[in-house]
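The lines below spell out each chain.
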Amino acid sequence: MQRYSAFSLFRHALTYHENWQKVWRNPEPKKHYDVIIIGGGGHGLATAYYLAKNHGVKHIAVIEKGYLGGGNTGRNTTIVRSNYLWDEAAQLYEHALKLWEGLSMDLNYNVMFSQRGVLNLGHTLQDMRDIERRVSANRLNGIDGEVLDAEGVKNIAPLINISKHTRYPIMGASWQPRGGVARHDAVAWGFARAADALGVDLLQQCEVTGFDISGGQVKGVQTSQYGLLGAERVGCVVAGNSSVLAGYAGFDLPIESHPLQALVSEPIKPVLDTVVMSNQVHGYISQSDKGDLVIGAGIDSYTGYGQRGSFTTIEHTLAAIIELFPSFSRVRMNRQWGGIVDTTPDACPIMGSSPVEGLYFNCGWGTGGFKATPGSGHVFADCLASEEIPAMAKPFALDRFYSGALIDEHGAAGVAH
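Residues numbered from 1 in each chain as written. Predicted model: local features only at pLDDT ≥ 70, side-chain atom pairs only at ≥ 80, totals over all residues. Heavy atoms only, no water.

Description of the overall build of the chain
In step 1: Helices and strands together make up the secondary structure of the chain, namely eleven helices and 18 strands.
In step 2: For the chain, the C-alpha radius of gyration of 21 Å lies close to 22 Å, the compact-globule estimate for 417 residues.
In step 3: Principal-axis analysis of the C-alpha atoms gives the chain an extent of 65 × 50 × 40 Å.
In step 4: Across the 417 residues that make up the chain, the buried fraction comes to 57%. (Helix = DSSP H or I, 4+ residues; strand = E, 2+ residues; numbered from the N terminus. Rg over C-alpha atoms; globule rule 2.2 N^0.38 Å. Buried < 20%, exposed > 50% of the residue type's maximum accessible area, 1.4 Å probe, protein only.)

Structural data, given as structure tokens:
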């Protein structure tokens, strides 16, 4: 597993601060753009970068109501993997993983991608059948994966409890060695810096309050800071708030927004050099390079837009994590938070055109958003540049909810939502 020295982390933080000071000063916006991207998180910034780099689009603006990377991109548990069951999802996430593997070199910015592997635990016979099915499907799609028994899990994560007397005994796991974690703020700032260098306007502290639509076609966006900004095409990449923007355009999306819970512990010495996920007890854990135990939990059952913690969900998750790792019961929690996830009925994203001509949406990623970041931006950039839906995005079109051709990754890829 790749780890980073204290000096490397300090230098990374210093570079982060310098980029913040540089990008914070908004450029004078143009009155008209080729493409406006709403949302300055990882997906939106990646889209802008690939539009400029791969397609030579000259006039691009990214509009963010807060600061770059300050939304859900900075509120996740940093896990990267591609071991999804169905062909459509597996191909998209594997495309993203291959981009992750060269992303630091591509952006000339250390996103701290560490391929320490991902374990998805099985606690029942049905879990193990599902794991065997998923690993077999992964291999058919050229994606790495192994099926492990309980001893194999213990060899990779020595602190884990494989006793048969626990509430949910560990029977085995799937193992994807190429999976891992990345530094979420570094990803946002790496794409932001690279897009800025290619001439993309990054407009922060600027909220989109509506669309200028004429004859069924988008003509621009209304903003809180600059008034009307014209555009040939508009891409909406606003995880958690997609239904709000769709409402501005006069239509509904088949998604719900829920707070997704997570927390970190106090820093401790290195004890866990992989990612461990459990669908049955719903919890996932890794250790950051700073030493924090990064713990992800479930979504709150109610719909909402609050990016704050919910201790009821956290308590349930910590009980599960402590059963998996009893020694962690002595570690103190540092802080907790909530992100916002858009969830669709089939737990897969929506990517492509909308009922308004020239208005495109990239949303509904659920808990899969961070791991898809470079792949999502790459494919969505193709969509915005050509005004045609790329082959990799076609299964995720909005019209699948009319035709019934759902993909349905719900529960199939080692997570419960």
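Picking up after the structure, the text goes on.
Quick notes on the pairing of strand β2 (residues 60-63)
In step 1: Where burial is concerned, the two faces of β2 agree: the one with Ile60 and Val62 and the one with Ala61 and Ile63 are both buried.
In step 2: Two strands pair when backbone bridges link them, and strand β1 (residues 32-38) and β2 are joined in this way by four bridges, in the parallel orientation. Residue pairing in the sheet places isoleucine 38 in a bridge with isoleucine 63 of β2.
In step 3: Each parallel crossover has a hand, and the one from β1 via helix α2 (residues 42-55) to β2 is right-handed.
In step 4: Pairing geometry for β2 and strand β8 (residues 201-203), over three bridges, is parallel. Residue pairing across strands places isoleucine 63 opposite leucine 203, the latter belonging to β8. (Pairing = 2+ DSSP bridges. Right-handed = clockwise from strand over helix to strand, strands pointing away.)

Things to note about the side chain of serine 174
In step 1: Inspection of the secondary structure assignment puts serine 174 in strand β6 (residues 172-176).
In step 2: Residue classification places serine 174 among the buried residues on the basis of a relative accessible area of 2%.
In step 3: Only 3.4 Å separates the side chain of serine 174 from the side chain of arginine 134, close enough to count as a polar contact.
In step 4: Residues contacting serine 174, with those up to four places away along its chain left out, are Asn83, Val118, Leu119, Asn120, Ile131, Arg134, Val135 and Glu146. (Polar contact = N/O pair within 3.5 Å; in protein donor to acceptor, adjacent residues only side chain to side chain. Contact = heavy atoms within 4.5 Å.)

Re the nonpolar core
In step 1: Counting residues in hydrophobic clusters, the biggest one holds 52 residues, and the most contacted among them are Ile37, Trp100 and Phe191.
In step 2: Those elements that place two or more of their residues in this core are β1, α2, β2, α3 (87-100), α4 (103-107), α7 (184-197) and α10 (373-386).
In step 3: The biggest single contributor to this core is α7, with eight residues.
In step 4: Ignoring anything within four residues of it in the chain, the contact list for isoleucine 37 reads Gly44, Thr47, Ala48, Leu51, Ile60, Ala61, Val62, Ile63, Gly235, Val237 and Leu384.
In step 5: Counting residues in each nonpolar core, the second largest holds 28 residues, with Ile63, Val208, Val238 and Ala249 among its members. (Core = buried A, V, L, I, M, F, W, Y, C linked by side-chain atoms within 4.5 Å.)

Side note on α10
Think of an α-helix as turning once every 3.6 residues; residues three or four places apart then point the same way.
In step 1: Along its 14 residues, α10 runs 20 Å from first to last C-alpha, staying within 8% of the 20 Å computed at 1.5 Å per residue.
In step 2: Of the residues making up α10, those classed as buried are Thr373, Pro374, Gly375, Ser376, Gly377, His378, Val379, Phe380, Ala381, Cys383 and Leu384.
In step 3: Just beyond α10, the residue with positive phi is glutamate 387, at close to 60°. (Expected span 1.5 Å × (residues − 1).)

A few points about the packing of α2 against α7
In step 1: Close contact between α2 and α7 brings their axes to 9 Å; oriented N to C, the two are set at 30°. Between α2 and α7, the interaxial angle falls into the category roughly parallel. The chirality of how α2 crosses α7 is left-handed. Mapping the contact onto sequence places Gly42, Leu45, Ala46, Tyr49 and Tyr50 in α2 and Ala188, Phe191, Ala192, Ala194 and Ala195 in α7.
In step 2: Considering only residue class, the contact of α2 with α7 consists of nine nonpolar, one polar and no charged. (Axes fitted to C-alpha atoms, helices over the stretch in contact; angles between N-to-C directions. Parallel < 35°, antiparallel > 145°, perpendicular 65-115°, else oblique. Left-handed = near helix turned anticlockwise from the far one by under 90°. Nonpolar A, V, L, I, M, F, W, Y, C, P; charged D, E, K, R; others polar.)

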